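These are the residues of each chain, in order.
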Amino acid sequence: MAQRSKDTQRSKNTQPGKGRRFIFWAALSGVISGAVFLATAELFALIFARSASPILAVGGFVIDIVPQPFKEFAIATFGEYDKIALLVGLGLAVVIASAIAGILQLLRPPLGVIALVVAGALSTAAIVTRAGVTPLAFLPPVLGTIAGAILIVLLIRRLKTWKASAVPVAMTDRKGEGLAVTDRETVGQDAEQPPKAMERRQFFILAGIASASAVVVGIASRAVSMTVASVATIRDALKLPAPKSTVTVPKGAELDIPGLSTLFTPNKDFYRVDTALTVPTIDPSTWRLVIDGMVDQRVEMSFQDILDMGLDEYAITLTCVSNEVGGDLVGNAKWLGVPLRDVLKKAGVKSGADMVLSKSVDGYTASTPLSSLTDDNIDAILAVGMNGEPLPLEHGFPVRMVVPGLYGYVSATKWLTELKVTTFDKDEAYWTPRGYSAEAPIKFASRVDTPKVGQAVDAGRIPIAGVAWAQTVGIERVEVRIDEGEWMPATLSAPINENTWVQWFMEWDATPGTHYVAVRAINKNGDMQIEERAPIAPNGSSGWQRSLIRVA
């Protein structure tokens, strides 16, 4: 009798650990079911609609709805890796939510299935509300939801059977007297396979097959979906015609100073800020640009039509509205393209129009003042080339807009597909309802590139150098101040034109200690760079850059 009490107590003491173990396997079952959901959706997205990826659609939805301060925080924190950070965050959210669904299905069925169905409904809604959605785009998330729901039911059913077979039971002798408590697998020693081991094996076999299938199918489907058109190969093989005119770079346009930004920013280093979670892949042979709205006639142009107009080379500096004072979201490049004013002439702009709403293939829109696109003195272009090669995929291949003097969010639409001639009263662009101005001329600015903040320099004669820009006007001079001393003129490089930045430098006899270095620019109209600090929203930051420099 005492022995039986001890065995019973020992059994009770082992149950909490076993319970936690099955909670873990339930959570894993949920994660596997979530993976199957996504993998199945990716597979059918490849068949029915390549844009119908749940994770990408939800990511795009998050980008659209997240408040402006969070967007700026993401850009400032992660820079060009903000999309990767978002995908990682979504992945973690999917894992956690799926694990919770598995636990719910074990403890409170069918709440786990309901959770998966809700996730499927949300992803379906995110997909069918995206721009350019196809009629069958709803199928991938629906079929993925069905696959995930079936799997979570099967896995949890096997898990419950395994759990039940592992529950201790009391054995009795033939006289009905109780014996030691033992696991069910010890009952029926003559059986070929202990029930507990059999149920456990069935669970792991199903979980293993489902996991492997999800990994293989999901990764393969996404990889194939991203390379179906072999757009990267097409771009690499594309030979753009020689331009009718090229940019003349004057002697002295580039200074040879270590740490100073190069005159032309290499494509691989050029900043990228956009709303596309994945880079759109567009075959130039199927690309079309539609010009409509307040025009005399609707015009549709192919990529070859653009090339047949004859290309010219332009040197233009681009600036993102998210660029902080002293930031690096600015770059200078040579662009190959055609004047936008000539493209608009083909359609004939009606009187009363004052804005062109440009649209990207992913649904992004920008509002550009019509005057900036039709002015003979402004080189607003449709660009097809960047720094001597076709546009990189991430910078708008095959065609994008480049407009001097305006922040990118109102002018530099990538993966361009439509130009709608309209008015600011009738239409608004992507960023306008999100706290940004509909019109956004660039605030001219200057930046210190070297010495870099946080890196000590040796005492002695060293250069202070950087860049300054004032698109469409040009930089007249740059001035530098050390601590609270007098403003001193810097030496400028020879400007290429009024649409590009200039480099500047000043020799400084650095003395040991900590010093503040301030810089400001004056444009060719005689205007001084704005001293007062202003935030990024609603129309760009402002302020003189003041850098703390430590001299060893």
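Calculation rules
Residues numbered from 1 in each chain as written. Predicted model: local features only at pLDDT ≥ 70, side-chain atom pairs only at ≥ 80, totals over all residues. Heavy atoms only, no water. pLDDT = per-residue confidence, 0-100. Contact = heavy atoms within 4.5 Å. Buried < 20%, exposed > 50% of the residue type's maximum accessible area, 1.4 Å probe, protein only. Helix = DSSP H or I, 4+ residues; strand = E, 2+ residues; numbered from the N terminus. Pairing = 2+ DSSP bridges. Axes fitted to C-alpha atoms, helices over the stretch in contact; angles between N-to-C directions. Parallel < 35°, antiparallel > 145°, perpendicular 65-115°, else oblique. Left-handed = near helix turned anticlockwise from the far one by under 90°. Patch = residues over 30% accessible without salt bridge, like charges linked within 9 Å, V, L, I, M, F, W, Y side chains within 5 Å. Areas by Shrake-Rupley, 256 points an atom, 1.4 Å probe, with all protein chains shown as cover. Salt bridge = Lys/Arg side-chain N within 4 Å of Asp/Glu carboxyl O. Core = buried A, V, L, I, M, F, W, Y, C linked by side-chain atoms within 4.5 Å. Arc of directions from axis to C-beta.

Observations concerning the confidence of the model for the protein chain
Right, on to step 1. On average, the protein chain scores 87 in pLDDT, and the residues at 70 or more come to 88%.
Right, on to step 2. Low confidence marks residues 4-14, where pLDDT is under 50. Its contacts with residues over four positions away, or in another chain, come to 7 contacts.
Right, on to step 3. pLDDT under 50 marks residues 169-193. Its contacts with residues more than four places away, or in other chains, come to 36 contacts.

A closer look at the pairing of strand E8 (residues 365-369)
Right, on to step 1. Within E8, 5 of the 5 residues are buried, leaving the element largely enclosed by the surrounding structure.
Right, on to step 2. Residues Thr365, Ser367 and Pro369 point to one face of E8 and Ala366 and Thr368 to the other, with burial holding for every one of them.
Right, on to step 3. Sheet analysis places strand E7 (residues 355-360) next to E8, joined by 5 bridges and oriented antiparallel. Counterpart to Ser358 in the pairing with E8 is Ala366.

Some remarks on the packing of helix H2 (residues 54-65) against helix H5 (residues 111-128)
Right, on to step 1. Between H2 and H5, the least distance of the axes is 8 Å, while the angle of their chain directions is 70°. In terms of orientation, H2 lies roughly perpendicular with respect to H5. Remark: the crossing between H2 and H5 carries left-handed chirality. Contacts from Pro54, Ala57, Val58 and Phe61 in H2 reach Ser123, Ala126 and Ile127 in H5.

As for the sheet that holds strand E17 (residues 491-492)
Right, on to step 1. One open sheet holds the 4 strands; their spatial order is E13-E14-E18-E17, and the pairing between them is antiparallel. At either margin of the open sheet sits one strand with a lone partner, and together these are strand E13 (445-450) and E17.
Right, on to step 2. Alignment of E17 against strand E18 (residues 502-510), held across 2 bridges, turns out to be antiparallel. Bridge pairing in E18 links Leu492 to Trp504.

Focus on a nonpolar patch on the surface
Right, on to step 1. Nonpolar side chains collect at one region of the surface, where Leu43, Ile47, Phe48, Val128, Leu136, Phe138, Val142, Ile146 and Ile150 lie side by side and expose about 720 Å² of accessible area between them.
Right, on to step 2. At the level of elements, helix H1 (2-48) and helix H6 (139-166) are the ones that each hand at least two residues to the nonpolar patch.
Right, on to step 3. With respect to the helices and strands, Phe48 occurs in helix H1.
Right, on to step 4. Judged by relative accessible area, which is 32%, Phe48 ranks as partly exposed.

Remarks on the nonpolar core
Right, on to step 1. Counting residues in hydrophobic clusters, the biggest one holds 86 residues, and the most contacted among them are Ile291, Trp335, Leu382, Val384, Tyr409 and Leu419.
Right, on to step 2. Counting 22 residues, the second-largest nonpolar core is a separate cluster that includes Ile464, Val502, Trp504 and Val519.

Quick word on helix H10 (residues 340-347)
Right, on to step 1. Along H10, the residues that are buried comprise Leu340, Arg341, Val343, Leu344 and Ala347. Burial along H10 is one-sided: seen end-on, the buried residues are contained in an arc of 160°.
Right, on to step 2. Phi turns positive one or two residues past the end of H10, at Gly348, with a value near 80°.

Focus on the side chain of Gln529
Right, on to step 1. Summarising the element assignment, Gln529 is placed in the loop between strand E19 (513-523) and strand E20 (545-551).
Right, on to step 2. The buried category is assigned to Gln529, whose relative accessible area is 3%.
Right, on to step 3. Once residues within four sequence positions are removed from consideration, Gln529 is found in contact with Phe444, Ala445, Ser446, Arg520, Ala521, Gly543 and Trp544.

Let's talk about the pattern of salt bridges
Right, on to step 1. The final tally for this structure, using the stated rule, is 15 salt bridges.
Right, on to step 2. The residue Arg272 makes a salt bridge to Asp274 at a minimum N-O spacing of 2.7 Å. The pair formed by Arg272 and Asp274 is uniform in burial state, with each residue classed as buried.
Right, on to step 3. Among the ionic pairs, Asp376 bridges to Arg341, the shortest N-O distance being 3.5 Å. Of this pair, Asp376 sits in the loop between helix H11 (370-374) and strand E9 (381-386) while Arg341 sits in helix H10, and the two are 35 residues apart along the sequence.

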